[in-house]
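Here is what each chain is made of, one letter per residue.
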Amino acid sequence: MKISLTVNGELKTVDIADENTPLLWVVRDTLDLKGTKFGCGKAACGACTLHVDGEAVRSCSYPVKFAEGKEVTTIEGLGDRENPHPVQQAWIEEIVPQCGYCQPGFMMATAALLNKVPKPTDEDIDKNIINVCRCGTYYRMRKAIHKAANLQFEKENKESKEL
Ligand code: FES
Ligand code: FES
């Protein structure tokens, strides 16, 4: 069956045998976007987090049929080298990653959180960013989340002054 969805701003139509295929495999294998990772496969670790209509979703456990007609954003669409998202910029500045495997999921979860809670407290972070990092980068991550919130605030402030 054919399913149409927008991925990182581009309309895509994929032909898949089973509409219950996890979105993760469509993104990685059909669309060749390898930034979204597989970890546990049971919605527990968050390595596969991406956005569907702005919400953080664990794509290993999200049937692609639910993404029909929706906007999907992966880490590749969050920002790029020339124009990193505030979360990516903060991650670079705080040198967060160790092995790096879990990091795209954490950044996507953080970007979604900042859209809802622009200045998260430590408690907000503990409650919402519940991904797993086997390298234990949690301390640097927390610093980076606060920094990302500040960078995003500055960016939005600058953009509103330019209007
Ligand atoms: S791979 Fe999806 S939550 Fe672990
Ligand atoms: S940086 Fe290695 S698992 Fe998180």
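All values reported here derive from a predicted model rather than from experimental measurement. (Residues numbered from 1 in each chain as written. Chains lettered and ligands numbered in written order. Predicted model: local features only at pLDDT ≥ 70, side-chain atom pairs only at ≥ 80, totals over all residues. Heavy atoms only, no water.)

Trainee: Looking at this structure, I do not really get helix α3 (residues 86-93). What am I missing?
Mentor: Within an α-helix, residues lying three or four positions from one another point in the same direction, as the helix has 3.6 residues per turn. Where α3 is concerned, the buried positions are P86, V87, Q88, A90 and W91. In this structure, the buried side of α3 is in contact with α2 (75-78), α4 (103-116) and α6 (138-162). A positive phi of about 45° marks I95, the residue just after α3. (Buried < 20%, exposed > 50% of the residue type's maximum accessible area, 1.4 Å probe, protein only. Helix = DSSP H or I, 4+ residues; strand = E, 2+ residues; numbered from the N terminus. Contact = heavy atoms within 4.5 Å.)

Trainee: What should I look at first to understand the pairing of strand β3 (residues 49-52) in this one?
Mentor: For a regular strand, the rule is simple: side chains alternate between the two faces of the sheet. Residues T49 and H51 of β3 are buried on one face, and the alternating residues L50 and V52, pointing to the opposite face, are buried as well. The pairing of β3 with strand β4 (residues 55-58) spans 4 bridges and is classified as antiparallel. When the sheet's bridge partners are listed, T49 is paired in β4 with R58. Relative to strand β5 (residues 71-73), β3 is paired through 2 bridges, and the arrangement is antiparallel. Residue V52 lies in a different strand from β5, and its bridge partner there is V72. (Pairing = 2+ DSSP bridges.)

Trainee: Any chance you could explain the layout of surface pockets here in plain terms?
Mentor: Where empty space is left becomes clear once a probe the size of a water molecule has been rolled over the atoms. Space inside the largest pocket adds up to approximately 210 Å³. Along the wall of the largest pocket there are 13 residues; nearest its centre are A56, A109, A112, L113 and N128. Taken together, the elements giving at least two residues each to the lining of the largest pocket come down to β4 and α4. When its residues are assigned to classes, the lining of the largest pocket shows 7 nonpolar, 3 polar and 3 charged. Looking at the second largest pocket, its volume works out to about 180 Å³. Lining the second largest pocket are G79, D80, R81, P84, Q88, W91, I92, P97 and M107. Sorting elements by how many residues they give to the lining of the second largest pocket places α3 first, with 3 residues. Its residues placed into classes, the lining of the second largest pocket shows 5 nonpolar, 2 polar and 2 charged. (1 Å grid on protein atoms, 1.4 Å probe; cavity = no way out; pocket = protein on both sides within 12 Å on 5 of 7 lines; lining within 4 Å. Points joined across faces, edges and corners; volume = space filled by probe spheres on them. Nonpolar A, V, L, I, M, F, W, Y, C, P; charged D, E, K, R; others polar.)

Trainee: How do you make sense of the packing of α3 against α6 when you look at a structure like this?
Mentor: In a packed pair of helices, the relevant descriptors are the angle between the two axes and the axis-to-axis distance. Two elements in contact, α3 and α6, have axes separated by 8 Å at closest approach and are oriented at 135°. By the angle between their axes, α3 is oblique relative to α6. In this structure, α3 meets α6 at a crossing whose hand is right-handed. Contacts between α3 and α6 involve P86, V87, Q89, A90, W91 and E93 from the former and M141, A144, I145, K147, A148, L151, Q152 and K155 from the latter. Of the residues contributing to the contact of α3 with α6, the split by class is 9 nonpolar, 2 polar and 3 charged. (Axes fitted to C-alpha atoms, helices over the stretch in contact; angles between N-to-C directions. Parallel < 35°, antiparallel > 145°, perpendicular 65-115°, else oblique. Left-handed = near helix turned anticlockwise from the far one by under 90°.)

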